[in-house]
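What follows is the residue order along each chain.
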Amino acid sequence: MRKLLPVYITLLLFIFIIAQNVSAENIHFNDYVYTLKSTDISKHSEVIKNEYFTQNESKDFWTTSIDIYYYPEEKNPLKFAANFDKEIEKQENMLLLKFIQNKKQDIAVISYLENIIQNDTTYFIYNICKYEKHPEKGTLVLKFAKKYVFNTKEEITKIARDIKAVNNDYMEQMIILQIPEIVEKEIP
């Protein structure tokens, strides 16, 4: 038995390390667990994107998603968010819902709607983006997105009511949500 004790301890440590790595790649938001399913590293701008989806969803089919973007060259998250706010205002297919800045913590949060037509289907994408400083260099952006498909005016009205009811709560959840470390390797 004493000879097996070091083996058991090593096995337990190994399981603990593996469990830590798996949980580090999950995001818990609004009673759902999002798992890292893909990474994208831009060769031109060095921007890294990590894409998280719920268990049965993927890049090709999703209703909600969470993305993390790392912009190593963006030094000021508040200015970066303000510039994006201006871009939203210029777009005809986007509607700014709310823009909040916390200058003491260097955090900004933006919520907006985007109208998309794809494959003869019209839908809204409700987005919330949180901007904050990366601990070493650059800016991190945490983005929650939810698709709403609609066909009638009544459905649009219902979507507007639903979003209005949850927007402040979702923004508060995003503010306190810790952004996991960026994964720079390809996901198989």
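Nothing here was measured: the structure is a model prediction, and the numbers come from that model.

Examining the pattern of salt bridges
Counted by the stated rule, this structure contains six salt bridges. The partner of Glu51 in a salt bridge is Lys49, with the nearest N and O atoms 3.2 Å apart. For Lys59, the salt bridge identified is with Glu51, shortest N-O distance 3.3 Å. Exposure remark for Glu51: the relative accessible area of 6% places this residue in the buried category. Among the charged side chains, a salt-bridge network with shared partners connects Lys49, Glu51 and Lys59.

Comments concerning the sheet that holds strand β1 (residues 26-29)
Taken together, eight strands build an open sheet; the order of strands is β1-β2-β3-β4-β8-β7-β6-β5 and the sheet is antiparallel. The two strands at the open ends of the sheet, each matched to only one other strand, are β1 and β5 (94-102). Within this sheet the neighbouring strands show an average axis-to-axis angle of 25 degrees, counted without direction. Taken together, the four bridges between β1 and strand β2 (residues 32-41) define a ladder with antiparallel strand orientation. By the bridge assignment, Asn26 is partnered in β2 with Thr35. Sheet strands in contact with helix α3 (residues 153-176) are β1, β5, β6 (107-118), β7 (121-133) and β8 (139-149), and its direction is about 15 degrees off that of β7.

Things to note about a nonpolar patch on the surface
Together, Ile100, Ile175 and Ile176 make up an exposed nonpolar region whose accessible area comes to about 250 Å². For Ile176, the location among the structural elements is in helix α3. We classify Ile176 as exposed; its relative accessible area is 65%.

Regarding the confidence of the model for the protein
Counting all residues, the mean pLDDT for the protein is 87, and 86% of those residues have values of 70 or more. Across residues 10-24, where pLDDT falls below 50, the model places one contact with residues more than four positions away in sequence or in other chains.

Some details on unusual backbone geometry
Unusually for a residue other than glycine, Asn30 sits at a positive phi of about 50 degrees. Relative to the helices and strands, Asn30 is located in the loop between β1 and β2.

A word on α3
Over its 24 residues, α3 runs 35 Å from end to end, which matches the ideal 34 Å to within 8%, given 1.5 Å per residue. For α3, the principal kink sits at Asn167 and spans about 45 degrees. Restricting attention to buried positions, one finds in α3 the residues Ile159, Ile163, Asn167, Tyr170, Met171 and Met174. On its buried face, α3 is in contact with β1, β5, β6, β7 and β8.

A few points about the pairing of β5
In terms of strand pairing, β5 meets β6 through eight bridges, oriented antiparallel. Bridge pairing in β6 places Leu95 opposite Leu113. Joining the antiparallel neighbours β5 and β6 is a turn of four residues, in which Asp106 adopts a positive phi near 60 degrees.

So, the environment of Leu142
With respect to the helices and strands, the residue Leu142 is situated in strand β8. Given the relative accessible area of 0%, Leu142 is considered buried. Distance in space between the C-alpha atoms of Leu142 and Met174 is 8.0 Å, their sequence separation being 32 residues. Not counting residues within four places of it along the chain, the set of residues in contact with Leu142 comprises Ile27, Ile66, Asp67, Ile68, Ile128, Cys129, Lys130, Met174, Leu177 and Ile179.

A look at the packing of aromatic side chains
Aromatic rings considered in pairs are described by the distance between their centres and by the relative angle of their planes. By the definition in use, this model includes ten aromatic pairs. Aromatic pair Phe29 and Phe144: ring centres 4.8 Å apart, planes at 50 degrees, arrangement tilted. You can see Phe29 sitting in strand β1 and its partner Phe144 sitting in strand β8, a full 115 residues away along the chain. You'll find Phe29 and Phe144 in the same group, each marked buried.

Rules used throughout
- Residues numbered from 1 in each chain as written.
- Predicted model: local features only at pLDDT ≥ 70, side-chain atom pairs only at ≥ 80, totals over all residues.
- Heavy atoms only, no water.
- Salt bridge = Lys/Arg side-chain N within 4 Å of Asp/Glu carboxyl O.
- Buried < 20%, exposed > 50% of the residue type's maximum accessible area, 1.4 Å probe, protein only.
- Pairing = 2+ DSSP bridges.
- Helix = DSSP H or I, 4+ residues; strand = E, 2+ residues; numbered from the N terminus.
- Axes fitted to C-alpha atoms, helices over the stretch in contact; angles between N-to-C directions.
- Contact = heavy atoms within 4.5 Å.
- Patch = residues over 30% accessible without salt bridge, like charges linked within 9 Å, V, L, I, M, F, W, Y side chains within 5 Å.
- Areas by Shrake-Rupley, 256 points an atom, 1.4 Å probe, with all protein chains shown as cover.
- pLDDT = per-residue confidence, 0-100.
- Expected span 1.5 Å × (residues − 1).
- Bend = angle between axes of the 7 residues up to and from the residue.
- Phe/Tyr/Trp six-rings, centres within 6.5 Å; stacked < 30°, edge-to-face > 60°.

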